Structure formats: structure tokens, C-alpha cells
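Secondary and tertiary structure notes
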Amino acid sequence: MQLKIFQSEEELDLAAAYSVAQVIIEKPHAKIGLATGQTPIGLYEKLFQLFEKGQVSFKQATSYNIDEYVGLDRDHPQSFYSFMKTHLFSNVDFTEGHMHIPNGAAPDLEAEAKRYEDLLNEAGQLDVQILSIGLNGHIGFNEPGSTLQAETHVVTLTQDTRQANSKAFPSPSDVPKQAITMGLGAMMKARKIVFIAKGGAKAAILKQAFKGPIDPLVPGSLLQLHPNLEVYLDAKTATLIADER
Ligand code: GLP
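These numbers come from a predicted model, not from an experiment.

Calculation notes
- Residues numbered from 1 in each chain as written.
- Predicted model: local features only at pLDDT ≥ 70, side-chain atom pairs only at ≥ 80, totals over all residues.
- Heavy atoms only, no water.
- Near = heavy atom within 4 Å.
- Polar contact = N/O pair within 3.5 Å; in protein donor to acceptor, adjacent residues only side chain to side chain.
- Areas by Shrake-Rupley, 256 points an atom, 1.4 Å probe, with all protein chains shown as cover.
- Nonpolar A, V, L, I, M, F, W, Y, C, P; charged D, E, K, R; others polar.
- Pairing = 2+ DSSP bridges.
- Helix = DSSP H or I, 4+ residues; strand = E, 2+ residues; numbered from the N terminus.
- Contact = heavy atoms within 4.5 Å.
- Axes fitted to C-alpha atoms, helices over the stretch in contact; angles between N-to-C directions.
- Parallel < 35°, antiparallel > 145°, perpendicular 65-115°, else oblique.
- Left-handed = near helix turned anticlockwise from the far one by under 90°.
- Core = buried A, V, L, I, M, F, W, Y, C linked by side-chain atoms within 4.5 Å.
- Buried < 20%, exposed > 50% of the residue type's maximum accessible area, 1.4 Å probe, protein only.
- Phe/Tyr/Trp six-rings, centres within 6.5 Å; stacked < 30°, edge-to-face > 60°.
- Lys NZ or Arg CZ within 6 Å of the ring centre and 35° of its normal.

**A word on the site of the ligand**
Neighbouring residues of the ligand: 13 residues in total, closest Gln38, Thr39, Asp67, Asn165 and Lys202. Residue Thr39 places a side-chain N or O atom 2.4 Å away from an oxygen atom belonging to the ligand. With respect to the ligand, the side chain of Asn165 contributes an N or O atom lying 2.6 Å from an oxygen atom. Its free accessible area being 390 Å², the ligand has 89% of it covered by the protein chains. Here the residues of the shell around the ligand are counted per class, giving three nonpolar, eight polar and two charged.

Here it is as C-alpha cells:
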């Protein structure tokens with residue numbers, strides 16, 4: 001794991017964006033794994049700026065989002081598709097049909113999970129995967145539990161996760177109870193993982209994930225096994241990890 005610590009979120013976002021852009025510059029038809037949440041918004045802004053300056057184009061790239069809420073169609077304001085449209089898809093030059101995201105409104109969710117997994121298998125290997133972590137250690141929506149799944153699946157969200165994600169919804173009870181998430185298999189197979197966390201709140205869970213044992217109760221701990229994991233943290237978030245080095 002390559003640990004990169006920054007004094008400001010601005011510097012972190014730029015460095016992480018360069019790392020992602022580098023992959024696409026070297027391989028224009030790169031397959032990129034995307035994540036949602038507050039954490040990667042700055043990185044997406046920086047990718048937009050690099051695109052505007054003509055330093056990177058997404059025209060030949062294909063994207064695969066790691067998760068979507070069940071029950072929200074893609075144009076629902078709180079869907080992850082809408083999030084991606086706002087923060088990246090509308091701002092850069094992806095080719096129509098090249099941005100993949102599980103369909104949370106599919107009538108048969110198991111069939112949709114299988115369709116998405118087949119799509120990932122066809123892709124073979126993601127060139128870069130952007131990731132962050134939930135306060136309870138989840139990655140994508142792979143929630144803590146006694147077992148972890150490798151393949152795309154339907155998951156029941158924990159109360160903690162619904163609470164943590166409720167800010168984006170009119171009220172906590174509006175947060176969907178289920179999601180479709182990529183399993184850890186496709187993420188772990190990616191050639192490179194660009195992992196980011198900032199703001200300080202994730203310091204304790206990061207200590208467990210990166211300094212503790214590999215434990216299905218902390219899904220993020222599995223990332224320790226990835227051979228090309230870049231970890232971008234701001235100084236506030238790195239305290240418990242950096243102190244022990
Ligand atoms: C979300 C997503 C994750 C994300 C996490 C943290 O629900 N499914 O991909 O990493 O929760 O989100 P945030 O960055 O808002 O803290």
C-alpha cells in the first residue's frame with residue numbers, strides 16, 4: 001500500500017485525480033470503476049478541470065459504478081446515477097452507453113445483479129478503481145458481516161449506513177433499505193485502486209481497515225491484500241495510521 005498524506009483536501013483531490021487521469025492518458029480505452037459519496041466529489045471536480053484543460057478525454061473510456069440503491073430509477077434525484085451525472089458524466093466527454101451502473105429499479109434484482117456481474121466479467125479487469133470507505137468499514141455497499149461476497153449482489157443496508165447516507169435524502173426514512181453492489185472480487189482484481197478518505201471522521205475505521213487484521217467485519221481490511229493500492233488521506237484522517245508508522 002502506498003500511503004500519501006496531504007495537508008489540504010485540495011491537494012489530495014488533485015493528486016488522486018492525476019493518478020486516475022494517468023491511467024486514461026496511457027490507455028484511452030481504460031475501464032474505470034467509479035464510486036459515489038461525498039468523498040470523491042472533489043476528485044471528480046479535478047478530473048473535470050483536467051478535461052477542460054484538454055489533458056484527459058473520457059471518449060474511449062468505459063465506466064462501471066460500484067453500487068446503486070434499490071427502488072430508485074436512474075433519474076431519481078437521489079440515485080447514484082443522478083449523482084454521477086451531476087458530478088462527472090455531464091461535465092466530461094464519455095460516449096453515450098459507456099457508463100454502466102446497476103439498475104436499482106430492475107423488476108428482477110437477482111437477474112440484474114447477474115447481468116452486472118456478467119458485464120464486469122466481459123470487461124475482464126478494471127484498469128483503475130476509485131474507492132472510499134463507509135464509517136462502518138463498508139466498501140461499495142459490501143456491509144460488515146460474517147462472510148463477504150465476491151460477486152455483484154443485492155444487499156440489505158445496515159441501519160448505520162442508512163443513517164450515514166440520510167443527509168442526501170429529505171428524511172432518514174427515505175433512504176432505501178437495499179442496494180445492488182459490486183462484490184469485492186471485481187474491485188480487488190482492478191489493476192490499481194485509488195482509495196481516498198478525508199475530513200477526519202474515518203480515522204478510526206481506517207486504523208482498523210489498514211492496521212488491523214483482515215476481517216469480514218471490516219470489509220475495507222481486505223484492501224490490504226491488493227498489490228497496487230494507493231491511499232490518499234488528508235492529515236486529519238491519517239492521524240491514527242501515521243502515528244503508528
Ligand atoms: C456510500 C457508498 C460508498 C462510499 C461510502 C462513504 O454509501 N456506497 O461507496 O464510500 O458510502 O460515503 P462518504 O464518502 O459520503 O462518506
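From this point, the discussion proceeds with the structure in view.
**Focus: the sheet that holds strand β9 (residues 193-197)**
Ordered in space as β1-β10-β9-β6-β2-β3-β5, the seven strands form an open sheet in which the pairing is parallel. Either end of the sheet is taken by a strand with one partner, and the two such strands are β1 (2-6) and β5 (99-100). Its contacts with the sheet put helix α4 (residues 109-123) on β2 (31-34), β3 (62-65) and β5, and the angle it makes with β3 is roughly 140 degrees. Contacting β1, β9 and β10 (229-234), helix α8 (residues 235-242) crosses the sheet at an angle of about 120 degrees to β10.

**Digging into the packing of helix α7 (residues 203-211) against α8**
Two elements in contact, α7 and α8, have axes whose closest approach is 8 Å; the angle formed by their N-to-C orientations is 45 degrees. When the interaxial angle is binned, α7 and α8 end up oblique. In terms of crossing hand, the pair formed by α7 and α8 is right-handed. Touching Ala203, Ala204, Leu206, Lys207, Phe210 and Lys211 of α7 are Lys236, Thr237, Thr239, Leu240 and Ile241, all from α8. Tallied by class, the residues present in the contact of α7 with α8 amount to six nonpolar, two polar and three charged.

**Considering the nonpolar core**
Ranked by size, the top nonpolar core spans 42 residues in total, and within it Leu43, Tyr44, Leu47, Leu88 and Phe94 carry the most contacts. Elements supplying a minimum of two residues to this core: α1 (9-26), β2, α2 (41-52), α3 (80-89), β6 (128-131) and β9. Considering each element in turn, this core owes the most residues, seven residues, to α1. Beyond its immediate stretch of four places on either side in the chain, Phe94 contacts Ile32, Phe58, Ala61, Ser63, Leu88, Phe89 and Met99. Residues Leu3, Ala123, Ala197 and Leu206 belong to the second largest nonpolar core, which totals 32 residues.

**Considerations on the packing of aromatic side chains**
By convention here, two paired aromatic rings are described through the distance between centres and the angle between planes. Counted by the stated rule, this structure contains nine aromatic pairs. Between Tyr69 and Phe80, the aromatic rings sit 4.6 Å apart at their centres with planes inclined by 40 degrees, giving tilted as the arrangement. In this pair, Tyr69 sits in strand β4 (residues 67-69) while Phe80 sits in helix α3, placing the two residues 11 residues apart along the sequence. Like Phe80, Tyr69 is buried. Ring pairs connect the aromatic residues Phe58, Tyr81, Phe89 and Phe94, which therefore count as one cluster. One cation-aromatic arrangement involves Arg74 over Tyr81; the distance from NZ or CZ to the ring centre is 4.1 Å.

**Section: the environment of Ala111**
With respect to the secondary-structure elements, Ala111 resides in helix α4. In the structure, Ala111 is positioned 47 residues away from Thr158 in sequence and 23 Å away in space, judged by C-alpha atoms.

Everything listed is a geometric property; what it means functionally is a separate question.
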